[in-house]
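# Observations on the three-dimensional arrangement
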Amino acid sequence: MAYLEWSKAYTARVRHSHVLSLAKRARELGDRLAEELDLGLLPFLRMGYVETLKRDMPALVDQARKYKHMLLLGIGGSALGARAMQKAFAPDQDLPGHGGEDGKELWIADNVCPVTLGNWFVELDPEQTVVVTISKSGGTIETISQYFLAKTWLKKSLGDAWKDHMIVITDQEKGFLREEARSHGLGSLEVPDNLGGRYSALSAVGLLPAAFLGIDWEGLLEGACAVARPLVDNPASIKDHPSFALACWAKALEEYGYHDLIFFCYEPLFATYGPWFAQLWAESLGKEGLGTQPVPATGVTDQHSVNQMFLDGLRNKACLFVTSKNRIGGPTFPHDLPAGWEFLAGKPFGALLEAEAMGTRMALTMHDVPLVHICLDDASERSGGRLMMLLEAATVFTGWLMGINPLDQPAVELGKRLANARLGKPGYPQEEASLKAALAEEEQRQDF
Ligand code: PA5
């Protein structure tokens, strides 16, 4: 069974008693949970959409799997879950030749890099590519601008058949992408109401790309459901739920000056869960001058990078330390090793990972970094689904304890409005004026 290990979670500064006093709010949060579940505000937890998904997705998977390549257009929560799953559960995607188990290749365009997209349009064969455009709002400029370019690219080679090569995942009713799906008869799947991007990995948003790669997407759902079910069936059970325990701890960390939360992943296959978690945590909790900064790190790689700072830098860091059991496998060291290296002889390569995980975990706690160890059973889809649901629920409950709304992201809108104004989109007079003023300001450049 997967578990959380708490024996090193507290220090002289953040004490168990601090966390226990926050845990007294369990009944209040349980009531809120019951209410928000009833109002349909927490679809990521209730997962009521799964039946529809299981009904509708297989046909789209069949459509997508006619092709060798999937080009995914999406950003933020519309891309990070798919990448985490690709790297964790289809590691053959990183093998020489990048062929995937049955020759499928997933390309995720979650940036507006002119070079990368340009290269993909040159290198990918449109005949062999399905483009999947993912946007809950259906209007995100980064994604929609890529959609325009991809549509043109497909049309140029395929004519009217471009429509068979385009799938959209978006709101069921609203938004530009939904209109496109309707007017061109594109294959589409829905992002359920109230399912915000960063909570949507376990919907069609993450699961269609996963299914395309042959990943056991139902296993992901099963794992997630196992973690969510007690909360959904009996919201009062929040008091004993590990996600609530994590939330109380995270809130106490913030109160007692631990403002960086390291997500140190010692299951290398899950390394890209780090950026996924960082977005979930930061966009949900960075509000009103509050929140803790997520710091994704990968074991063992980052032992040789940022770990010195974790251990001996500013004493403001806490750590979620992720491992999975039974990692002691892989190639075995030969017996004819040079002098000084004999201690490795006959050992599996995984013994090194296990020893380094142990060493770093101990070193962190010996440097007084409060640490909770999340130990997964294995690196399977079920475990991956469990981990996602645990962290999503913990994020929402932390937000509730902080008194902020963990489901919105108002601050990031300003930059988007300014970019729109910069591009000349009508309807942004205030931003236009701010831009004009900013451009008129004298710069202080220094050549280098
Ligand atoms: O988590 C979020 O809500 C955001 O990061 C969104 O996923 C991101 O902004 C993309 O939005 P959309 O899916 O509407 O294109």
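On a predicted model such as this, the values are computed, not experimentally measured, just so you know.

## What to know about the sheet that holds strand E6 (residues 187-191)
The five strands lie next to each other as E3-E2-E4-E5-E6, forming an open sheet whose pairing is parallel. One side of each edge strand has no neighbouring strand; the edge strands of this open sheet are strand E3 (105-109) and E6. For this sheet the average axis-to-axis angle between neighbouring strands, irrespective of direction, equals 20°. Note: strand E2 (residues 69-73) against strand E4 (residues 129-135), five bridges, orientation parallel. By the bridge assignment, histidine 69 is partnered in E4 with threonine 129. Running at roughly 145° to E6, helix H4 (residues 50-64) makes contact with E2, E4, strand E5 (166-171) and E6 of the sheet. Along the sheet face, helix H9 (residues 204-212) touches E2, E3, E4, E5 and E6 and points at about 165° away from the line of E2.

## Observations regarding a nonpolar patch on the surface
A contiguous nonpolar patch, built from Met358, Met362 and Met366 and spanning about 330 Å² of accessible area, is present on the exposed surface. Looking at the secondary structure, you find methionine 358 in helix H14 (residues 350-366).

## Some thoughts on helix H10 (residues 217-233)
Look at H10: 23 Å from first C-alpha to last across 17 residues, which is about the 24 Å you get at 1.5 Å a residue. A bend of about 40° at valine 227 is the largest found in H10, and the proline proline 230 appears one to four places after it. Buried residues of H10: Trp217, Gly219, Leu220, Leu221, Gly223, Ala224, Val227, Ala228, Leu231 and Val232, and no others.

## Considerations on the packing of H10 against helix H15 (residues 381-402)
Between H10 and H15, whose axes approach to 6 Å, the crossing angle comes to 40°. In terms of axis orientation, H10 runs oblique to H15. Judged by the sense of rotation from one axis to the other, the crossing of H10 with H15 is right-handed. Side by side, H10 and H15 meet where Gly219, Leu220, Glu222, Gly223, Ala224, Ala226, Val227, Ala228 and Leu231 of the first sit next to Glu381, Arg382, Gly384, Gly385, Arg386, Met389, Leu390, Ala393 and Phe397 of the second. A breakdown of the residues in the contact of H10 with H15 according to their chemical character gives ten nonpolar, four polar and four charged.

## Notes on the state of the cysteines
Following the criterion strictly, the structure yields zero disulfides and no others. Free cysteine cysteine 319: the closest other cysteine sulfur is in cysteine 265, separated by 10 Å.

## Let's talk about H9
When you tally the buried positions in H9, you get nine out of nine residues, the bulk of the element. Listed in full, the buried residues belonging to H9 are Ala204, Val205, Gly206, Leu207, Leu208, Pro209, Ala210, Ala211 and Phe212. Of the residues flanking the end of H9, it is glycine 214, one or two places downstream, whose phi is positive at about 85°.

Here is what the cut-offs are and how they apply
Residues numbered from 1 in each chain as written. Predicted model: local features only at pLDDT ≥ 70, side-chain atom pairs only at ≥ 80, totals over all residues. Heavy atoms only, no water. Pairing = 2+ DSSP bridges. Helix = DSSP H or I, 4+ residues; strand = E, 2+ residues; numbered from the N terminus. Axes fitted to C-alpha atoms, helices over the stretch in contact; angles between N-to-C directions. Contact = heavy atoms within 4.5 Å. Patch = residues over 30% accessible without salt bridge, like charges linked within 9 Å, V, L, I, M, F, W, Y side chains within 5 Å. Areas by Shrake-Rupley, 256 points an atom, 1.4 Å probe, with all protein chains shown as cover. Salt bridge = Lys/Arg side-chain N within 4 Å of Asp/Glu carboxyl O. Expected span 1.5 Å × (residues − 1). Bend = angle between axes of the 7 residues up to and from the residue. Buried < 20%, exposed > 50% of the residue type's maximum accessible area, 1.4 Å probe, protein only. Parallel < 35°, antiparallel > 145°, perpendicular 65-115°, else oblique. Left-handed = near helix turned anticlockwise from the far one by under 90°. Nonpolar A, V, L, I, M, F, W, Y, C, P; charged D, E, K, R; others polar. Disulfide = S-S within 2.5 Å.

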